[in-house]
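A structural walkthrough
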Number of protein chains: 4
Amino acid sequence: MAIEQINKMREHRSKPANLSPEEEKLDPIYRPRSDCTVFLGYTSNLVSSGVRETIRFLAQHRMIDCIVTSAGGIEEDFIKCLAPTFLGDFFLKGRDLRPKGLNRTGNLLVPNDNYCLFEDWIMPILDQMLAEQKEQGTLWTPSKMIARLGKEIDNPESIYYWCYKNEIPVFSPAITDGSIGDMLFMHAYKNPGLILDIVHDIKMMDSIAAHSKHSGMIIMGGGLVKHHIHNANQMKGGADYGVFINTAQEFDGSDGGARPDEAVSWGKIKETARPVKIFADATLVFPLLVSQTFAKDIKPLTNGTQD
Amino acid sequence: MAIEQINKMREHRSKPANLSPEEEKLDPIYRPRSDCTVFLGYTSNLVSSGVRETIRFLAQHRMIDCIVTSAGGIEEDFIKCLAPTFLGDFFLKGRDLRPKGLNRTGNLLVPNDNYCLFEDWIMPILDQMLAEQKEQGTLWTPSKMIARLGKEIDNPESIYYWCYKNEIPVFSPAITDGSIGDMLFMHAYKNPGLILDIVHDIKMMDSIAAHSKHSGMIIMGGGLVKHHIHNANQMKGGADYGVFINTAQEFDGSDGGARPDEAVSWGKIKETARPVKIFADATLVFPLLVSQTFAKDIKPLTNGTQD
Amino acid sequence: MAIEQINKMREHRSKPANLSPEEEKLDPIYRPRSDCTVFLGYTSNLVSSGVRETIRFLAQHRMIDCIVTSAGGIEEDFIKCLAPTFLGDFFLKGRDLRPKGLNRTGNLLVPNDNYCLFEDWIMPILDQMLAEQKEQGTLWTPSKMIARLGKEIDNPESIYYWCYKNEIPVFSPAITDGSIGDMLFMHAYKNPGLILDIVHDIKMMDSIAAHSKHSGMIIMGGGLVKHHIHNANQMKGGADYGVFINTAQEFDGSDGGARPDEAVSWGKIKETARPVKIFADATLVFPLLVSQTFAKDIKPLTNGTQD
Amino acid sequence: MAIEQINKMREHRSKPANLSPEEEKLDPIYRPRSDCTVFLGYTSNLVSSGVRETIRFLAQHRMIDCIVTSAGGIEEDFIKCLAPTFLGDFFLKGRDLRPKGLNRTGNLLVPNDNYCLFEDWIMPILDQMLAEQKEQGTLWTPSKMIARLGKEIDNPESIYYWCYKNEIPVFSPAITDGSIGDMLFMHAYKNPGLILDIVHDIKMMDSIAAHSKHSGMIIMGGGLVKHHIHNANQMKGGADYGVFINTAQEFDGSDGGARPDEAVSWGKIKETARPVKIFADATLVFPLLVSQTFAKDIKPLTNGTQD
């Protein structure tokens, strides 16, 4: 049923948007590109894990229209371009890892050095962003910053390199909640004045949803990334299609754990929609789902250079 | 054991900070107020639920030093000052609720009208904030906005009224992720130009943690609110005390589900700390915990007017 | 709401059964003792934990009518009369514990020696049971064996001592699934021939349910103990009251995780009933529930010798 | 890693047992058939679901040596030979289903009629079993009964038909906990006297484990089926290989939720073993696992008649 939902998104997405004359005049970023706008959301653990490559595949082939992720979902992608993450174990002890400079994320290990490389890479970019703010009056937002970082990383292994290339907006309103925040904290003392505005991003996110013809939501995990996409889809009277993969439960009243039907009451999902929630670890399910849907559009090259 | 952790926070918090001459010169907002800085985090469902009153109690009696919550954790508090939330049921159907204008949050129902009242209340404040930005050069941040809203609501039932009165900073970097975001979206068309900067807030949040003598974390739920407090506590070499209440599991590699020991590897919790994770619904556990710890400091008035 | 369910059970249970002349002729074990038959079910971990004392309280004061538990739920009660269980930690390593002869059950530790003491105690009883089978033609069943063990332990700390004294039948169809099974395995080589029949027990269990006037189910945990009580209540057209405490989820289609409404479709719970499922650890919730319901009937003795 | 565990079981299982002269004299049922005895356990929901066909495949091709399941895991297999189970939905209401005679099991529906067909089929078999008990002195046990039912069903769609044909013992100590129990209850009034002894079954189960050379455990779900296989493997000093698929969590101290390391402390799993727990719905994972392991041994017939 999840495959069916995704295939309906793809079917509508393969059709033109049939814009009205008024819609033709919209800012291109708000103007629907097809008959279905696909929103992809995921929490940072999925970028730490190998699901990053599946997400990058979708961005590279421009199979999605808008991304929402958390701070870690941004920075871990760039950091992986600078140095690798290692496979550890859920039960390695903190007191053993700390002296070795190894940070545990579930069963993965990220060395402190990776964050040093990240600092070396991002600090000059923050300086440059501040310079542009002062000189050209640029009002930076998280989405503009992510696009800039995607341009600067210039690495086809990066999700956000492809988002930059393919003009896929990426929203992360709490981008300060992680290593990027640490850098902005230090930068605020070293070279103060950089502003990251979240009002313009919510205007953009909600406008994209409001102008979409049909819309589909594919969301892994809960919390901010799940709610943010749902909330925006209220602006168009509810999403048409939805696939949600997470292990959260409804009994604690969390949005993460809510069944899709809760979103129907809010007008975040249409009453006529047939959304699917999969109670499973996305690292297990999402690659299977993509292999049976989006990936069918791509023929592997015979010389094996592609994906 | 959770009670023990909280009592240690309270014990240190009852002692003066013993500031060095250099620390005396710090901006008062960054200067530690006692020997232990207590960070309280909670997701929005807890404000939708009756835990709001317990949180308000802690803010009213200035028993905590810093709050981190999600967008819903802010707005639901104000909306409850304007109109009530109702008890429904987890299994009421979206298609029945939608035509009645009832939005379901777990087993609670919030009428659409509540959000209309919220719009009527907040829109003039947003106008005023924009005017101050233009006229006085105010750089608004989520925490400044929350303090302003707390002042404006002027209602002792509100958590953020007491945070304003008691100068307890409240951070919500993704404050756009909910009804406040909807309002900012509409405001950006009606009366454009308001900026909400998240860089200054991360500077403030991290500085408070960095300057704290000891620190304690009490966190209900996962996602942003859990990670944000943990990340800030890295700036002081790790929190000394911690109590975490949530139902998330570690196997999916989420930060929400991670055991406290994962945070030790990152230096977010000290190696010597004895943090406690309670796998339970916070609505059940948190009021019990507060009753056996913080609430013991308060004598009920004989004429029964307090709390 | 759970308190309400339990209070309704207690209210009906305080009334006489008003037996018909035909019912008066029933075997006393099948004849309802009051207007409500209360079934209590729990998995073995709750007897390993301190909930054992709360269960014993209910048996001692004859507040329940029938118990269903798993093999561990039987033997851990007797073993605790012989030697204590210790508090350990969920993360003690098996390879460290094994050489020390410490068996981990969650965060509890049971020394090997306890099972040796159990063997020394139970083996002569098994011999005696076999002798009675041979000499008097006794057909042993799990429930008869449990009553006999309750008599033999002769210790007011034991749940099953009180069940024996108060004629509360205890069913455990898979009583071989644990240390008692190990003993029966060894006994089957040393002194072969003992038979434990489960047909007579299902006849008894189902008959008790079938003849009950009203019935209530209080069940902690899932699996066999939950299903067995439900299945029996089908014989009377469904239970009238129900309180279920467990952390299992429905998405995997398990009976343990099923919401009470699934049981309505089977006629295990009446359509008119208002059963309550609490998604929580029973060690947290059950003592609170009992304190607010059953325990209110008992006045503590002034010299403090009771409970 | 789970694939690796299963492949090690298969590798050892492909080798002869190399019996000592003393072992050659063992009752064939206790005598190891190869260098690795594979125990398969599963809860009843998996037989209600489509995993039944995967289990039947393993029994048909004699790829496992011993099965433990719950009462529903036995009866639902036979009932599916008599009439189909239907796909419904988790949220169909009990009060709507009850008048239609539809029993819900998760998202599946089993009509009352299926149980009537089951009664018609099994009652004469129970009569015959009782006759053999009286006439030939047969001591029936759950495992003997299951083998007899497997013979009587005479249907290659049945798991237990193949277990009977391939002499794979199937243990279900609480076989009375379901529809078979209902039948035994009624039979105990109509035609009393049938005895089902569980002592002989535990002797057999534990002896099979005790005599095994190496052993592997593949267990889906928790409760009795998980514990029973673990407990038996204590008799040989712990299993060598293990794959566990369930969604239970350890924090409530349940055996179902315990990590494999808990079993190491008990000697149920060897210290040197590398068991794997998969936190997932088995309906998703088990068919994938079997397809990549056991199923590789079988070549599909070109005329497509097999499986």
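These numbers were taken from a predicted model, which means no experiment stands behind them. (Residues numbered from 1 in each chain as written. Chains lettered and ligands numbered in written order. Predicted model: local features only at pLDDT ≥ 70, side-chain atom pairs only at ≥ 80, totals over all residues. Heavy atoms only, no water.)

1. Thoughts on the overall build of chain A
Of regular secondary structure, chain A possesses 14 helices and nine strands. Its C-alpha atoms give chain A a radius of gyration of 20 Å, near enough to 19 Å, the size a compact globule of 307 residues would have. Residue burial in chain A is summarised as follows: out of 307 residues, 63% are buried. When contacts within chain A are restricted to residue pairs at least 6 apart in sequence, long-range pairs at least 24 apart make up 78% of them. Surface accessibility of chain A: about 11,500 Å² in total, with carbon and sulfur atoms responsible for 52%. Counting 33 positive and 39 negative side-chain charges, chain A places the centres of these two groups 3 Å from one another. (Helix = DSSP H or I, 4+ residues; strand = E, 2+ residues; numbered from the N terminus. Rg over C-alpha atoms; globule rule 2.2 N^0.38 Å. Buried < 20%, exposed > 50% of the residue type's maximum accessible area, 1.4 Å probe, protein only. Contact = heavy atoms within 4.5 Å. Areas by Shrake-Rupley, 256 points an atom, 1.4 Å probe, with all protein chains shown as cover. Lys, Arg positive; Asp, Glu negative; His and termini not counted. Charge placed at Lys NZ, Arg CZ, Asp CG, Glu CD.)

2. Describing the interface of chain C and chain D
At the interface, 61 residues of chain C touch 61 residues of chain D. Contact between chain C and chain D buries roughly 5,700 Å² in total, counting both sides, with carbon and sulfur atoms accounting for 56%. The tally of links between chain C and chain D comes to two salt bridges. Remark: the boundary between chain C and chain D carries 30 residue pairs in polar contact (both at pLDDT 80 or more). A total of six residues in the side of chain C that touches chain D trace back to one element, the largest contributor, which is helix α10 (residues 179-190) of chain C. Split by residue class, the side of chain C that touches chain D holds 27 nonpolar, 18 polar and 16 charged. (Buried area = accessible area lost by both parts, 1.4 Å probe. Salt bridge = Lys/Arg side-chain N within 4 Å of Asp/Glu carboxyl O. Polar contact = N/O pair within 3.5 Å; in protein donor to acceptor, adjacent residues only side chain to side chain. Nonpolar A, V, L, I, M, F, W, Y, C, P; charged D, E, K, R; others polar.)

3. Side note on the sheet that holds strand β8 (residues 241-245) of chain B
Residues and elements named next belong to chain B. The strand order across the open sheet formed by six strands is β6-β2-β1-β7-β8-β9, and the pairing between neighbours is parallel. Each of the sheet's edge strands pairs with one partner strand only, and the pair in question is β6 (170-171) and β9 (276-278). Judged from the seven bridges that link them, strand β1 (residues 36-42) and strand β7 (residues 214-220) form a sheet pairing that is parallel. Among the inter-strand pairings, Phe-39 is bridged to a residue of β7, identified as Met-217. (Pairing = 2+ DSSP bridges.)

4. Concerning the side chain of Ser-49 of chain B
By the element assignment, Ser-49 of chain B lies in the loop between α3 (44-48) and α4 (51-60). When sequence neighbours within four positions are dropped, the list of residues in contact with Ser-49 of chain B reads Lys-80, Leu-108 and Thr-283 of chain B.

5. A look at the interface of chain D and chain A
Listed as interface residues are six residues of chain D and, on the opposing side, six residues of chain A. A combined buried area of about 490 Å² lies between chain D and chain A, and 85% of that area is made up of carbon and sulfur atoms. Summed over the three residues of chain D that lose the most area to chain A, namely Phe-91, Arg-259 and Leu-284 of chain D, the buried surface amounts to 64% of that side. At the surface where chain D touches chain A, the tally comes to zero salt bridges. At the surface where chain D touches chain A, the tally comes to zero residue pairs in polar contact (both at pLDDT 80 or more).

6. Let's talk about the relation of the copies chain C and chain D
If you rotate chain C by 180° and push it 0.0 Å along the axis, it lands on chain D with an RMSD of 0.0 Å. The relationship between the two copies is best expressed as a two-fold rotation axis. A high fraction, 100%, of the interface residues of chain C reappear at the interface in chain D, so the copies pair face to face through one surface. (Least-squares fit on C-alpha atoms with pLDDT ≥ 70 in both.)

7. Some remarks on the confidence of the model for chain A
The share of residues in chain A with pLDDT of 70 or more is 97%, and the mean pLDDT across the chain is 95. At the level of chain-chain contacts, confidence expressed as ipTM amounts to 0.95, with global pTM at 0.94. (pLDDT = per-residue confidence, 0-100.)

8. Some points on the pattern of salt bridges
Opposite charge on two side chains permits them to pair, given that their charged atoms come into close proximity. Per the stated rule, a full pass over the model turns up 44 salt bridges over all chains. Linking Glu-53 of chain B and Arg-52 of chain B is a salt bridge whose minimum nitrogen-to-oxygen distance equals 3.3 Å. Overall, the relative accessible area of 34% leaves Glu-53 of chain B in the partly exposed class. Put simply, Arg-104 of chain C and Glu-262 of chain D hold a salt bridge, and the shortest N to O gap is 3.4 Å. Of the two residues, Arg-104 of chain C sits in strand β4 (residues 102-105) while Glu-262 of chain D sits in helix α13 (residues 260-266), which places them in two different chains. Taking the relative accessible area as the measure of exposure, Arg-104 of chain C reaches 1% and is therefore buried.

9. So, the relation of the copies chain D and chain A
Once turned by 180° and shifted 0.0 Å along the axis, chain D lies on chain A with an RMSD of 0.0 Å. Counting the interface residues of chain D, we find that 100% of their copies in chain A are interface residues as well, pointing to one common contact surface.

10. Some words on the packing of aromatic side chains
Applying the stated criterion across every chain, the model contains 30 aromatic pairs over all chains. Ring centres of Phe-78 of chain A and Trp-121 of chain A lie 5.4 Å apart, and the angle between their planes is 35°; on these two criteria the pair is classed as tilted. Of this pair, Phe-78 of chain A sits in helix α5 (residues 71-82) while Trp-121 of chain A sits in helix α7 (residues 112-136), placing them 43 residues apart in sequence. The same class applies to Phe-78 of chain A as to Trp-121 of chain A, namely buried. An aromatic cluster is present here, built from Phe-78, Phe-118, Trp-121 and Tyr-160 of chain A joined pairwise through their rings. Positioned over the ring face of Tyr-189 of chain B is Lys-203 of chain A, at 4.9 Å from the centre of the ring. (Phe/Tyr/Trp six-rings, centres within 6.5 Å; stacked < 30°, edge-to-face > 60°. Lys NZ or Arg CZ within 6 Å of the ring centre and 35° of its normal.)

11. A word on the side chain of Asp-177 of chain C
Here Asp-177 of chain C lies in the loop between β6 (170-171) and α10. One buried charged residue, Asp-177 of chain C, remains without a salt bridge, the closest side chain of opposite sign being Lys-268 of chain D at 8.0 Å. Leaving out residues up to four positions away in the same chain, Asp-177 of chain C has contacts with Ala-71 of chain C together with Leu-224, His-227 and His-228 of chain D.

12. Notes on the environment of Arg-13 of chain A
Here Arg-13 of chain A shows up in helix α1 (residues 2-13). In the structure, Arg-13 of chain A is positioned 23 residues away from Cys-36 of chain A in sequence and 4.5 Å away in space, judged by C-alpha atoms.

13. Focus: the pairing of β4 of chain C
Residues and elements named next belong to chain C. In terms of strand pairing, β4 meets strand β5 (residues 108-111) through four bridges, oriented antiparallel. Within β5, the residue paired with Asn-103 across the bridge is Val-110. Counted along the chain from β4 to the antiparallel partner β5, the turn is two residues long, and its residue Gly-106 has a positive phi close to 65°.

14. Let's talk about helix α5 (residues 71-82) of chain C
Between its terminal C-alpha atoms α5 of chain C stretches 17 Å, which fits the 16 Å expected from twelve residues at 1.5 Å a residue. The element α5 of chain C is largely enclosed, with a buried count of eleven among its twelve residues. (Expected span 1.5 Å × (residues − 1).)

15. Quick notes on the state of the cysteines
Within this structure, the stated rule accounts for zero disulfides over all chains. Residue Cys-81 of chain D stays outside any disulfide, its sulfur separated by 12 Å from that of Cys-163 of chain D, the closest cysteine. (Disulfide = S-S within 2.5 Å.)

16. Things to note about helix α11 (residues 199-211) of chain B
For an α-helix, 3.6 residues make a turn, and residues three or four places apart therefore share a direction. For α11 of chain B, spanning 13 residues, the distance from its first C-alpha to its last is 18 Å, which sits close to the expected 18 Å at 1.5 Å a residue. Of all 13 residues that make up α11 of chain B, ten are buried, and the element is covered over most of its length. Those residues of α11 of chain B lying buried are Val-199, Asp-201, Ile-202, Lys-203, Met-204, Met-205, Asp-206, Ser-207, Ile-208 and Ala-209 of chain B. Taken together, the buried residues of α11 of chain B touch α10 (179-190) of chain A together with β1, β2 (66-69), α8 (142-153), β6 and α12 (223-233) of chain B.

17. Considerations on unusual backbone geometry
All names here are of chain A. Positive phi values are uncommon outside glycine, yet Asn-18 reaches one of about 50°. Inspection of the secondary structure assignment puts Asn-18 in the loop between α1 and α2 (21-24). The class for Asn-18 is exposed, based on a relative accessible area of 63%.

18. With respect to the sheet that holds strand β3 (residues 86-87) of chain C
Taken in spatial order, the three strands make up an open sheet running β3-β5-β4 (chain C), and their pairing is antiparallel. Across the chains shown, the open sheet's two edge strands, defined by having one partner strand only, are β3 and β4 of chain C.

19. Quick word on the environment of Gly-237 of chain B
All names here are of chain B. With respect to the helices and strands, the residue Gly-237 is situated in the loop between α12 and β8. For Gly-237 and Ala-188, which are 49 residues apart along the polypeptide, the C-alpha to C-alpha distance reads 41 Å. Among all residues touching Gly-237, those that are not within four sequence positions of it are Gly-267 and Lys-270.

20. Observations regarding the environment of Glu-24 of chain C
Note on placement: Glu-24 of chain C falls in helix α2 (residues 21-24). Apart from residues lying up to four places away in sequence, Glu-24 of chain C is in contact with Leu-19 and Arg-31 of chain C.

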